[in-house]
Amino acid sequence: MHDFLDRLLGAKLSESVIHVGLNLLLALLVLLIGIWVAARLANVSERALHRAQVDVTLSGFLRNLIYGVLVAVLIVMALITAGVSAAPLVAALGTAGLAIGLALQGSLLVRFGHPAVAEAFLASRLGGQWGGAFGTLPTGLDLGPIIE
């Protein structure tokens, strides 16, 4: 096979193809083993949270969050192993993390926060009575829990 590639493509090109092929194979191996390990670590963390008597919804959310973060890091590692530049991947991963965090902000506040704080947060975002600035609290809210 190596002689065939030498004659067909030239010596340097065939070495390059073999090198890239081995890098891709190694990247796939890193990804497959890493996903297996990530699933095991996520399951161990979920069992530990159940033993600590953490709410089932929260433990499931944290398990999925841990698994997702580990898989995202594994994908970046596999792409770097395959020869892709790391800087754009890390920037994209950071941007995705920020977007997910902002999306979960309101959801987690409504689900686990004090009801008065959640109501004030939603009213400041969705109420439309912003005055001169976005995020201004409308009148008639219970501000005691916010101050505490």
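Above this text is the structure in question.
Read on for a plain summary of the structure. Counting restarts for each chain, with residues numbered from 1 along the sequence as it is written. Thresholds applied to this predicted model are a pLDDT of at least 70 for local features of residues and 80 or more for the giving and counting of side-chain atom pairs; totals over whole chains, interfaces and linings are not thresholded and use all residues. To obtain the side-chain values, all non-hydrogen atoms of the structure were included, while hydrogens and water were left out.

1. Describing the overall build of the protein chain
Each helix and strand in the protein chain was counted, giving six helices and zero strands. Numbering of helices and strands runs from the N terminus, with a helix taken as a DSSP run of H or I at least four residues long and a strand as a DSSP run of E at least two residues long. Listed by position from the N terminus, the elements making up the protein chain come as α-α-α-α-α-α. Relative to its 148 residues, the protein chain shows a buried fraction of 19%. Note on contacts: a residue pair qualifies if any of its non-hydrogen atoms lie within 4.5 Å across the two residues. In the protein chain, the proportion of contacts linking residues at least 24 apart, taken out of those at least 6 apart, comes to 41%. Carbon and sulfur atoms make up 70% of the accessible area of the protein chain, which totals about 10300 Å². Summary of the burial criterion: residues with accessible area below 20% of their type's maximum are buried, those above 50% are exposed, and those between are partly exposed, where the area comes from a 1.4 Å probe applied to protein chains only. Only the protein chains shown count as cover for residues, with accessible areas throughout obtained via the Shrake-Rupley method and a probe of 1.4 Å.

2. Brief notes about helix H4 (residues 86–112)
Over its 27 residues, H4 extends 37 Å from the first C-alpha to the last, a length consistent with the 39 Å expected when each residue adds 1.5 Å. Where H4 bends most, at leucine 104, the angle is about 35°. In a helix, the anticipated span is given by 1.5 Å times the number of residues less one. Note that the bend at a residue is defined as the angle between axes fitted to the seven residues ending at it and the seven residues starting at it.

3. Some words on helix H3 (residues 56–82)
For H3, which comprises 27 residues, the first-to-last C-alpha distance of 39 Å matches the rise-based estimate of 39 Å (1.5 Å per residue) to within 8%. Buried within H3 are the following residues: Ser59, Gly60, Arg63, Val71, Leu74, Val76 and Ala78. Two residues or fewer past H3, glycine 83 is found with a positive phi of approximately 110°.

4. Focus on the packing of aromatic side chains
Here a pair means two rings of Phe, Tyr or Trp (six-membered ring of Trp) with centres within 6.5 Å. Their orientation is stacked below 30 degrees between planes, edge-to-face above 60, and tilted elsewhere. Evaluation of the coordinates by the stated rule reveals zero aromatic pairs. Whether a charge sits over a ring depends on NZ of Lys or CZ of Arg being within 6 Å of the ring centre and within 35 degrees of the ring normal. Between arginine 63 and the ring centre of tyrosine 67, over which it is positioned, the NZ or CZ distance is 5.6 Å.

5. Quick notes on unusual backbone geometry
Even without being a glycine, glutamine 53 presents a positive backbone phi close to 60°. We classify glutamine 53 as exposed; its relative accessible area is 73%.

6. As for the side chain of serine 45
Within the secondary structure layout, serine 45 lies in helix H2 (residues 11–51). Sequence-distant contacts of serine 45, defined by excluding residues within four places in its chain, comprise Arg63 and Ile66.

These results come straight from atomic positions and should not be treated as a statement about function.
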